[in-house]
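Residues per chain, in single letters:
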Amino acid sequence: MGTITTTDGTEIFYKDWGSGQPIVFSHGWPLSADDWDAQMLFFLQHGYRVIAHDRRGHGRSTQTADGHDMDHYADDLAALTAHLDLDNAIHVGHSTGGGEVVHYLARHGESRVSKAAILCAVPPLMVQTDANPGGLPKDVFDGLQAQLAANRSEFYRDLPAGPFYGFNRPGVESSEAVIQNWWRQGMMGGAKAHYDGIVAFSQTDFTEDLKKITVPVLVMHSEDDQIVPYAASGPLSAKLLQNGTLKTYKDFPHGMPTTQAETINADLLAFLQS
């Protein structure tokens, strides 16, 4: 574990375990590097070097007032990869982290990268526009900001207890430990970063970024994702990528890297070894 300091003075916390080909994990909103525990342990045991950072304003990184946008997220990731002098790296991003990975590749190039995977990721664009009629209305995201501002702790309890992990689906057994771990990670971060982050993940258009990427990218998404709806995300991203492969799941939740870790890890490993 360590920290780096970016050009604007933000301290970014990261974990760096093992040796071998590096896999860099970018977490979802409003979580931290801890959300990748199941993946980091698995791939460490399979001979990979595993790295994950807390996005600015999240987890153990500096709670900055500004810079909560995809440009800064991508630049912070580039600073981390440069600091660690990574080569032939694999980048894996979940949800907002998938947008971070896509923007990083398009903005900073692929010279250090061999492959990428985006899981339940926000690209190409979440918000509904004239050019993106299948997106979610802006009112949805305004509502998320309002709930965060009114009672962040309660909001961060309700989201994992319901749609994030699909615990609101009939017959799905809820896990109190998983819910509390989500709440713990969320409350470690800063309210301002999380408030602004809702705009970053919902209103950033990644269409042109996706078109620029040439490395192989695995797009993993579930048809029952209640946070980032399937039809306007995964399939569209796979089509826009020059070398994209779509892996669809029928009834997994948005938080499938945690609740379906065994399946997700096996599918990721197969892609990395192909």
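Residues numbered from 1 in each chain as written. Predicted model: local features only at pLDDT ≥ 70, side-chain atom pairs only at ≥ 80, totals over all residues. Heavy atoms only, no water.

Looking up the protein in an unreviewed UniProt entry gives the name Alpha/beta fold hydrolase, with the organism given as Antrihabitans spumae.

A few words on the overall build of the protein. Secondary structure assignment for the protein yields ten helices and eight strands. Here the C-alpha coordinates of the protein stretch approximately 40 × 40 × 40 Å along the principal axes. Burial statistics for the protein: of 274 residues in total, 55% are counted as buried. By sequence separation, contacts in the protein at least 24 residues apart represent 75% of the contacts at least 6 residues apart. (Helix = DSSP H or I, 4+ residues; strand = E, 2+ residues; numbered from the N terminus. Buried < 20%, exposed > 50% of the residue type's maximum accessible area, 1.4 Å probe, protein only. Contact = heavy atoms within 4.5 Å.)

A separate point is the packing of aromatic side chains. Evaluated as defined, the whole model comprises 14 aromatic pairs. Measuring from ring centre to ring centre gives 5.7 Å for Phe155 and Tyr156, while their planes differ by 40 degrees; the resulting arrangement is tilted. Taking the relative accessible area as the measure of exposure, Phe155 reaches 4% and is therefore buried. Summarising the aromatic geometry, the rings of Tyr165 and Phe167 are spaced 5.6 Å apart at their centres and angled 35 degrees between planes, so their arrangement reads as tilted. The two residues Tyr165 and Phe167 agree in class, both being buried. Above the plane of the ring of Tyr73 lies Arg55, whose end atom (NZ or CZ) is 5.1 Å from the centre. (Phe/Tyr/Trp six-rings, centres within 6.5 Å; stacked < 30°, edge-to-face > 60°. Lys NZ or Arg CZ within 6 Å of the ring centre and 35° of its normal.)

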